Amino acid sequence: MNRLEFIVATSIILFVAFGLGWFSYWLLHRLSPIGAADMNEVDRLAQALHEAEEAREQALIYIDQREEDLANQIAQTEAELRAAMDGLRDARHETEEMRAYIDRLNAS
């Protein structure tokens, strides 16, 4: 057996040993029963996850409602602004008419 054959044979043996070790580890953990403490921990984590999901849903609902309220307030404020600008434009136009009228009276 030359050096290359020895290296290949050793590599194959080590790979097979690794594979058998990994498989036995997987099989041992797959077949070992879960303890009561572990099941209690899993149940507790599941309950915490469920509560977190409910809190998330409530937060999303609150955010949607708040966003809708703010959008309504913005729309109302913009409508009030347009009304105020229209009133200001009318007041300026009326002021210009009054100045023109007073100028005409003073000129006469």
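What you see is a predicted model, and the numbers here were worked out from it, not measured in a lab.

Let us look at the overall build of the protein. Within the protein one finds two helices and zero strands. Taking 108 residues into account, the globule formula puts the C-alpha radius of gyration at 13 Å, and the protein, at 41 Å, lies well above it. Counting only C-alpha atoms and orienting by the principal axes, one finds that the protein spans roughly 130 × 50 × 10 Å. Here the protein holds 108 residues, and 0% of them are scored as buried. Carbon and sulfur atoms make up 63% of the accessible area of the protein, which totals about 10,200 Å².

Scanning all chains against the criterion turns up one aromatic pair. When the centroid spacing of 5.9 Å and the interplanar angle of 35 degrees are considered together, the rings of F23 and W26 count as tilted. You can see F23 and its partner W26 sitting in helix α1 (residues 3-31), three residues apart, about one turn around the helix. Using a relative accessible area of 42% as the deciding quantity, one classes F23 as partly exposed. Its relative accessible area of 41% is what places W26 among the partly exposed residues.

The rules behind these values
- Residues numbered from 1 in each chain as written.
- Predicted model: local features only at pLDDT ≥ 70, side-chain atom pairs only at ≥ 80, totals over all residues.
- Heavy atoms only, no water.
- Helix = DSSP H or I, 4+ residues; strand = E, 2+ residues; numbered from the N terminus.
- Rg over C-alpha atoms; globule rule 2.2 N^0.38 Å.
- Buried < 20%, exposed > 50% of the residue type's maximum accessible area, 1.4 Å probe, protein only.
- Areas by Shrake-Rupley, 256 points an atom, 1.4 Å probe, with all protein chains shown as cover.
- Phe/Tyr/Trp six-rings, centres within 6.5 Å; stacked < 30°, edge-to-face > 60°.

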